[in-house]
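Structural characterization, general
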Amino acid sequence: TLRSVLTEEETFTVLQNISDSNSFVAASLWCFEEMTMAAATFAKRLIGSRSSSTTATSVARAFCSSTTPITATMFPGDGIGPEIAESVKQVFTTAGVPINWEEHYVSAEIDPRTQSFLTWESLESVRRNKVGLKGPMATPIGKGHRSLNLTLRKELNLYANVRPCYSLPGYKTRYDDVNLITIRENTEGEYSGLEHQVVRGVVESLKIITRQASLRVAEYAFHYAKTHGRERVSAIHKANIMQKTDGLFLKCCREVAEKYPEITYEEVVIDNCCMMLVKNPALFDVLVMPNLYGDIISDLCAGLVGGLGLTPSCNIGEDGVALAEAVHGSAPDIAGKNLANPTALLLSGVMMLRHLKLNEQAEQIHSAIINTIAEGKYRTADLGGSSTTTDFTKAILTHSSIFLPSSMKSFSPKEKLVTAFMGGFTSQLVKEISIEECVKEAGCYASNVVLQRFGCI
Amino acid sequence: MSRRSLTLLKNLARNSNASCIQTRSVTYMPRPGDGSPRAVTLIPGDGIGPLVTNAVEQVMEAMHAPIYFEKYDVQGEMSRVPAEVMESIRKNKVCLKGGLKTPVGGGVSSLNVQLRKELDLFASLVNCFNLPGLPTRHENVDIVVIRENTEGEYAGLEHEVVPGVVESLKVITKFCSERIAKYAFEYAYLNNRKKVTAVHKANIMKLADGLFLESCREVAKKYPGITYNEIIVDNCCMQLVAKPEQFDVMVTPNLYGNLVANTAAGIAGGTGVMPGGNVGADHAVFEQGASAGNVGKDSIVRENKANPVALLLSSAMMLRHLQFPSFADRLETAVKKVISEGKCRTKDLGGQSTTQEVVDAVIAKLE
């Protein structure tokens, strides 16, 4: 980049010669990969002197350290976990997401305080930060400890599992019009783990449904539908056979539905639901269900859109805790070979950003991922392509005109060009104007040097 | 003399070759008296039930099948199946039924389940296959789902522990798991099926589904010619949606079987066309394959647009069960021809015909 050719002072002078627009200067400074203290102060001085300018303030908000960065816990996980976590970190940094990651790993021995391989520090970190991202974890085989997922669920009281399933344009499956969210109660139901052998050859397993848990998950479902602009919530049940248990679940859902009159509420028996999902998935919008049905239906929906490698998921806990996770396995056979598909973890990270109300960055990253997959040139092996993880990540980064602060979209071609060279995002921006236009617009020292350096003249 | 007989033989061979296109099943040798009419209990049921059972009656009459129906009126709201109906089924051993609607959460236990429990119909079978001429998103589907019908999650043992906390018992016994596994492998053996897959969730419900799997494994050892494998239920649903051709016969406990059967029926064309039945040691009840509690919307009943294909194919299965194979073949061929032509289809298959039109088309195609 240019900063390796000129000193900082020279760069500032050059920038000011190119354009009088302060927002342009500030944005260009943002493009430097490492904001030095001097650059930050300079930018702040500029922004401060023109505080009425809305573009300037929006740019300032985007990169100045007036936004305190958020700390989030990251569990890279096992197998392909570290590679895809690396990918997520790169994409998030480039998009300017103000998150500092606190990484925790699963230890090799059992922590007596948690009775599992997750340490007390990891759990405390999630409780403190209230937000986290988890890669795939392989539960070590053995007895005498709880499974990792179970530990997380119980200790953090994660009561709802949210999985949005939508057809990815560009990745063709048999179903094109899937756009639904499954919300599954995560703590009780059939997975309470309460089984015993009555006599030899007779086993009982308890399914528990409580009013409190059902109300909690129904509240979250309707709240989610409202905040994401969804129109319909369907409760899935088998209350014609299991009258008391699923009947209680339905009663709670009905109670919550009355508080949200603008959202349509319906109840669907699970066998009808399965059939309708495989025949016409566009019929459903938001689905809320108890634990077992949720497990099966959410995996069925993941199958409709292309498998677990593309499906994001987020676990919601009490006190606003949100732990986004990739639900696929740790794929030990391709670990370390740079072949993994980071899409699931990236989309889960986007869900996390939306939970943190960083909607603009979430939308930018989301569009970048969708466009990269839709373009079809860079696909990992599980989608039928041959790109490596790093190639795929780079492809997402080069869809990076979307990562510019929105104010920069109004820049002139010359301003865009210089900004691009400054920041190193050459490909996408340069494609938008021809080399001839570059040369025509380039009328100053900086541009000439830059154009020469990048072989344009 | 030999030259003439040679040409005669050649002519005979040529003629028989020409008529080989029309297969004639001449290998079924009945016992004397097998052709006397058999009584079959008929329960029309609720909603679309009477429409589709009427369709079956019409077709049976057109075929002059050696069957006569004893019709009984049972509604889903009744608290119990009437004693006379049970008597009739016990006498006839075979029953054909439309759906019985269960009021949701109404405190009345489902009559479908009651019937199965009283007659001990422990196996429920749904055959899901692609019908030629009916376009679906998935090809090469030919799955038989055999589902344990009496225990599991649908044992109906629920109680309220304290207000706001409800418990439901899922019971799995070795006895029931063993007999359903035996039935599944026997079915595969008698129908020349190559693979049996057990569907479970034993990673979470270790004791309950673990017991089910143990029984399946034991029975599998006795059938070395049939491949046996196991799959977790959520992975199974995902695979069904992505690659259904990998499944052949599936044996499952009660709840998973319900879901898997409906999913498989959905990918193969819908519950309007899939045949199925329930069978026990002494009795058999044939009904629409999947979703027996779904009796359709009122609008379908009013406009007579219910799809009779499922029940017609189930009655073909019933005819084979009663050992009238050629009638079964004729019925199936006629129905398949009507579907493949595509002119007469009810609303759930994308057409506009009424039930009666489909029935007439099937009768016209009977040979």
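Not measured: the values here are computed from a predicted model. (Residues numbered from 1 in each chain as written. Chains lettered and ligands numbered in written order. Predicted model: local features only at pLDDT ≥ 70, side-chain atom pairs only at ≥ 80, totals over all residues. Heavy atoms only, no water.)

1. Topic: unusual backbone geometry
Residues and elements named next belong to chain A. One non-glycine residue, Lys357, lies in positive phi territory at about 65°. Its location among the elements puts Lys357 in the loop between α12 (343–355) and α13 (359–375). Residue class for Lys357 comes out exposed when judged on its relative accessible area of 66%. (Helix = DSSP H or I, 4+ residues; strand = E, 2+ residues; numbered from the N terminus. Buried < 20%, exposed > 50% of the residue type's maximum accessible area, 1.4 Å probe, protein only.)

2. What to know about the sheet that holds strand β12 (residues 322–326) of chain A
Residue and element names in this part refer to chain A. The strand order across the open sheet built from 10 strands is β2-β1-β3-β12-β11-β4-β5-β10-β8-β9, with neighbouring strands paired in mixed fashion. With one partner strand each, in any of the chains shown, β2 (99–103) and β9 (264–269) form the two edges of the open sheet. Mean inter-strand twist for the sheet, computed between neighbouring axes without regard to direction, equals 25°. As paired strands, strand β4 (residues 158–166) and strand β11 (residues 312–317) are joined by four bridges and run antiparallel to one another. Counterpart to Asn161 in the pairing with β11 is Asn315. In the packing of helix α9 (residues 245–259) onto the sheet, the strands contacted are β8 (232–237), β9 and β10 (286–289), and the crossing angle to β9 comes to about 170°. (Pairing = 2+ DSSP bridges. Axes fitted to C-alpha atoms, helices over the stretch in contact; angles between N-to-C directions. Contact = heavy atoms within 4.5 Å.)

3. So, the interface of chain B and chain A
Facing 54 residues of chain B, the contacting portion of chain A comprises 48 residues. Counting each side, the surface lost to burial between chain B and chain A is near 4,400 Å², with a carbon and sulfur contribution of 64%. Broken down residue by residue, the surface that chain B buries against chain A is led by Arg137, Glu158 and Met238 of chain B, which jointly contribute 15%. Along the contact surface separating chain B from chain A lie one salt bridge. With a closest N to O distance of 2.7 Å, Asp295 of chain A and Lys201 of chain B form a salt bridge. Linking chain B with chain A are 18 residue pairs in polar contact (both at pLDDT 80 or more). Elements represented by at least two residues in the side of chain B that touches chain A include exactly β6 (152–162), β7 (165–173), α6 (208–221), α7 (233–242) and α8 (254–268) of chain B. Here the element with the most residues in the side of chain B that touches chain A is β7 of chain B; it accounts for nine residues. In terms of strand pairing, strand β7 (residues 202–210) of chain A meets β7 of chain B through nine bridges, oriented antiparallel. (Buried area = accessible area lost by both parts, 1.4 Å probe. Salt bridge = Lys/Arg side-chain N within 4 Å of Asp/Glu carboxyl O. Polar contact = N/O pair within 3.5 Å; in protein donor to acceptor, adjacent residues only side chain to side chain.)

4. What about the domain arrangement of chain B?
Residue and element names in this part refer to chain B. Segmentation of chain B into domains returns domain 1 (35–122 + 274–366) and domain 2 (137–268). Taking the mean C-alpha position of each, domain 1 and domain 2 sit 25 Å from one another. Across the boundary between the two partners, domain 1 contributes 10 residues, which contact 13 residues of domain 2. On the surface where domain 1 and domain 2 come into contact, there are one salt bridge. Across the salt bridge formed by Arg179 and Asp120, the nearest N and O atoms sit 3.0 Å from each other. If you look at where domain 1 meets domain 2, you find four residue pairs in polar contact (both at pLDDT 80 or more). Listed by contribution, the elements that provide at least two residues to the side of domain 1 that touches domain 2 are α4 (111–118) and β11 (275–279). Across the side of domain 1 that touches domain 2, the residue classes tally to five nonpolar, two polar and three charged. (Domains from an automatic or database assignment. Nonpolar A, V, L, I, M, F, W, Y, C, P; charged D, E, K, R; others polar.)

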